[in-house]
Amino acid sequence: MDLTSLKNQHLSLAELVQLSQARQRHVLGAICYFPAALAEPSEPMMDAPVIRVSMPPLAEIKSDPSGHARHRATPSDPVCDVWFSAAALEPGQCRDIRYRHDGSTLFGVIELAECEPAPGSAATPLQHATERAYRQIFELLEALGYPYLFRLWNYMADINAHSHDLERYRQFNLGRHEAFMACRRDVVGNVPAACALGTAGGPLTIAFLAGRKSPLAIENPRQISAFHYPERYGPRSPAFARASLVGSGAGAVLWVSGTASIVGHHTVHGGDVREQTRETLKNIEAVVAQANRQARQPLFALSHLLYRVYIRHSADLAAVRDVMQARIGARFDAIFLQADVCRQDLLMEIEASATLCA
Ligand code: 3EB
């Protein structure tokens, strides 16, 4: 069995919950972006591991097979990033993680509240929650025999706020690094694709995809690898690759990490959302070109990616969308979300995925 059975789609929450029973059995997992603050604790919405994130959807572009782009402005319904598998799925729950797997790929979700660590620990509550979440993830993956992380989505409230003398995103990086080290995971080179964004509230929320085949970690020649960022961005560098690639030929899957207006390690075009979007697309183009080089085949193109676009100020939606359409063409699939980005001077960030031939 290989990854040709994986498929990624954007659906409204109504569409997701109204899928036929037969179709729901093939939902590996999903992330649902909610417009309003969520009441805790979040009750499971369906049998599949579906997680709710407080992150207002701003718009959606969907291209149907006939080639028409359908725009939906300010969707009132939550929008979901859904992963399907054509294979038979096995569900499971272990401590705080809910998951489903198909014999080659596992999708899991975990939510953890930020509790004070044990007395004597120097960790902040967010750092502690992050370390506990990642330790649970690594322990589960070891136990079930899915050792390779392909992709992680990291969502936390107040990502740019400072507490305990450190920005919360940097606290998150400390906890992630600690867990990687404790579980003997590489923190440079062979690291998963990821994103880290700020929500409007709620617990630390992480979704992940893992498998039994080692992915290729892809870097961007225009950017210093994030795991080599200098210390001025925080005491521990973020452990993620610019993209990860699994499988080959028609069965390949590409995950492009959250990508922003960073060249080298510097934020460029501070204050200019249009230029930040152009620079971000140049970065994604460079990552895709690098992935095609490593695949030794031109498998991926900007016009065939599925995009999630995070925008700090909702008033910038039109500017970001216009630049994307000018560069990519009018027809592409994207959801636009209001979210805080992990550097104060970044106004937007884009991530993407491609499941070929599914
Ligand atoms: C950057 O390039 C922007 O901490 O997991 C992008 C993707 C970013 C993943 C992470 C952070 C992360 O540094 C921020």
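Before any of the text, the structure's been laid out above.
Just so you know, these numbers come straight off a predicted model, no measurement behind them.

Cut-offs and rules
Each chain has its residues counted from 1, following the order in which its sequence is written. Only residues with pLDDT of at least 70 get local features here, since the model is predicted, and only at 80 or more are side-chain atom pairs given and counted; chain-wide, interface and lining totals rely on the full set of residues. Excluding hydrogens and water, the side-chain values take into account all heavy atoms of the structure. To qualify as a helix, a DSSP run of H or I must reach at least 4 residues; to qualify as a strand, a run of E must reach at least 2; elements of each kind are numbered from the N terminus. The quantity called the radius of gyration is restricted to C-alpha atoms. Its globule counterpart is 2.2 Å times the number of residues to the power 0.38. Think of it in three bands: residues with accessible area under 20% of the maximum for their type are buried, residues over 50% are exposed, and the middle band is partly exposed, with areas taken using a 1.4 Å probe on protein chains only. Residues are treated as being in contact if the distance between any of their heavy atoms lies within 4.5 Å. To obtain an axis, a line is fitted to C-alpha atoms, over the contacting stretch when the element is a helix, and the angle between two such axes runs from 0 to 180 degrees between their N-to-C directions. In this scheme the handedness of a crossing depends on how the near helix is turned from the far one: anticlockwise by less than a right angle means left-handed, clockwise means right-handed. By the convention adopted, Pro, Cys, Tyr, Trp, Phe, Met, Ile, Leu, Val and Ala count as nonpolar, Lys, Arg, Asp and Glu as charged, and the other residues, Gly among them, as polar. Grouping buried Ala, Val, Leu, Ile, Met, Phe, Trp, Tyr and Cys residues that are joined through side-chain atoms within 4.5 Å yields what is termed a nonpolar core. How far a helix is expected to stretch is found by multiplying one less than its residue total by 1.5 Å. Polar contacts, as counted here, are pairs of nitrogen or oxygen atoms within 3.5 Å of one another; within protein the pair requires one atom able to donate a hydrogen and one able to accept it, and residues that are adjacent in sequence qualify only if both atoms are side-chain atoms. We call a residue near a given molecule or strand whenever any one of its heavy atoms falls within 4 Å of it. By convention in these notes, a salt bridge is any Lys or Arg side-chain nitrogen within 4 Å of a carboxyl oxygen on Asp or Glu. Any angle between 65 and 115 degrees counts as roughly perpendicular, while under 35 counts as roughly parallel, over 145 as roughly antiparallel, and the rest as oblique. Only when DSSP finds a minimum of two bridges between them are two strands counted as paired. Any two cysteine sulfur atoms within 2.5 Å of one another count as a disulfide.

Colleague: Describe the overall build of the chain, and please don't skip the residues or the numbers.
Modeller: Each helix and strand counted, the chain has six helices and 22 strands in total. Whereas a compact globule of 358 residues would reach a radius of gyration of roughly 21 Å, the chain reaches 19 Å, a difference of no more than 12%. Looking at the 358 residues of the chain, the share that counts as buried comes to 59%. When contacts within the chain are restricted to residue pairs at least 6 apart in sequence, those whose partners lie at least 24 apart make up 74%.

Colleague: An account of the packing of helix 3 (residues 125-144) against helix 4 (residues 168-182) is needed here, citing residue identities and associated values.
Modeller: Where helix 3 contacts helix 4, the two axes come as close as 7 Å, and the packing angle between them is 35 degrees. Considering the relative orientation of helix 3 and helix 4, their crossing is right-handed. Residues Leu126, Gln127, Thr130, Glu131, Tyr134, Arg135 and Phe138 of helix 3 lie in contact with helix 4, whose contacting residues are Arg168, Gln171, Phe172, Leu174, Gly175, Arg176, Glu178, Ala179, Phe180 and Ala182. The class makeup of the residues in the contact of helix 3 with helix 4 is eight nonpolar, four polar and five charged.

Colleague: Explain the nonpolar core to me, and be specific about the residues and the numbers.
Modeller: Ranked by size, the top nonpolar core spans 69 residues in total, and within it Tyr33, Trp153, Tyr155, Trp255 and Tyr310 carry the most contacts. Judged by nonpolar contacts, the second largest core, of 38 residues, contains Ile218, Val256, Ala334 and Ile350.

Colleague: Describe in detail helix 5 (residues 273-295), supporting the description with residues and values.
Modeller: Across its 23 residues, helix 5 extends 32 Å between first and last C-alpha, which sits within 8% of the 33 Å expected from 1.5 Å per residue. Backbone nitrogen of Arg274 and a side-chain oxygen of the N-cap are separated by 3.2 Å at the start of helix 5; the cap is Asp272. Remark: Arg296 follows helix 5 within two positions and exhibits a positive phi of approximately 60 degrees.

Colleague: So what's going on with the environment of Thr355? Residues and values would help.
Modeller: By the secondary structure assignment, Thr355 is in strand 22 (residues 348-355). Considered as a pair, Thr355 and Ser63 are 292 residues apart in the sequence and their alpha carbons are 16 Å apart. Contacts of Thr355, omitting those with residues within four sequence positions, involve Leu6, Lys7, Asn8, Trp83, Ala252 and Val253.

Colleague: Outline the site of the ligand, listing residues and values.
Modeller: What surrounds the ligand is a group of 14 residues, the closest being Tyr169, Arg176, Tyr229, Arg242 and Cys342. Among the elements of the structure, helix 4 and strand 13 (193-199) are those that each provide at least two residues to the shell around the ligand. Here the element with the most residues in the shell around the ligand is strand 13; it accounts for three residues. Looking at side-chain class alone, the shell around the ligand contains nine nonpolar, two polar and three charged residues.

Colleague: I'd like a rundown of the pattern of salt bridges, residues and numbers included.
Modeller: A pair can form between side chains of opposite charge whenever their charged atoms are brought close. Applying the stated rule across the entire model yields 14 salt bridges. A salt bridge links Glu279 to Arg222, with the shortest nitrogen-to-oxygen separation between them at 2.6 Å. In this pair, Glu279 sits in helix 5 while Arg222 sits in the loop between strand 15 (216-218) and strand 16 (243-246), placing the two residues 57 residues apart along the sequence. Exposure remark for Glu279: the relative accessible area of 8% places this residue in the buried category.

Colleague: Break down the packing of helix 5 against helix 6 (residues 317-328) for me, with residues and values.
Modeller: Axis separation between helix 5 and helix 6 bottoms out at 9 Å; the angle between their running directions is 40 degrees. With respect to helix 6, the axis of helix 5 lies oblique. Both helix 5 and helix 6 take part in a crossing whose hand is right-handed. Seen from helix 5, the contacting residues are Val273, Arg274, Thr277, Arg278, Leu281 and Glu285; seen from helix 6, they are Ala319, Val320, Asp322, Val323, Met324, Arg327 and Ile328.

Colleague: Requested: an account of the pairing of strand 17 (residues 253-259), with residues and values cited.
Modeller: Of all seven residues that make up strand 17, seven are buried, and the element is covered over most of its length. As judged from the four bridges shared by strand 16 and strand 17, these two strands associate in the antiparallel manner. When the sheet's bridge partners are listed, Leu245 is paired in strand 17 with Leu254. Linking two consecutive strands that pair antiparallel, namely strand 16 and strand 17, is a turn of six residues; a positive phi of about 80 degrees is found at Gly247 within it. Pairing of strand 17 with strand 22 involves five bridges; the strand directions are antiparallel. Across the sheet, the residue bridging to Thr259 is Ile350, located in strand 22.

Colleague: Can you tell me about the pairing of strand 9 (residues 105-112), naming the residues and giving the values?
Modeller: Each regular strand carries side chains that alternate between the two faces of the sheet. The buried fraction of strand 9 is high, at seven of eight residues. Pairing geometry for strand 8 (residues 97-101) and strand 9, over five bridges, is antiparallel. If you follow Arg100 over to strand 9, its bridge partner there is Phe107. Between the end of strand 8 and the start of strand 9, which pair antiparallel, lie three residues, with Gly103 showing a positive phi angle near 95 degrees. In the sheet, strand 9 pairs with strand 14 (residues 204-211) via eight bridges, with the strands oriented antiparallel. Bridging from a neighbouring strand, Gly108 pairs with Phe208 of strand 14.

Colleague: Any chance you could break down the state of the cysteines for me, citing the residues and the numbers?
Modeller: Under the criterion given, the structure shown has zero disulfides. The thiol of Cys94 is unpaired, and the distance to the nearest cysteine sulfur, on Cys183, comes to 13 Å. Not part of a disulfide, Cys115 finds its nearest cysteine sulfur in Cys94, a span of 18 Å. A relative accessible area of 40% places Cys115 in the partly exposed class.

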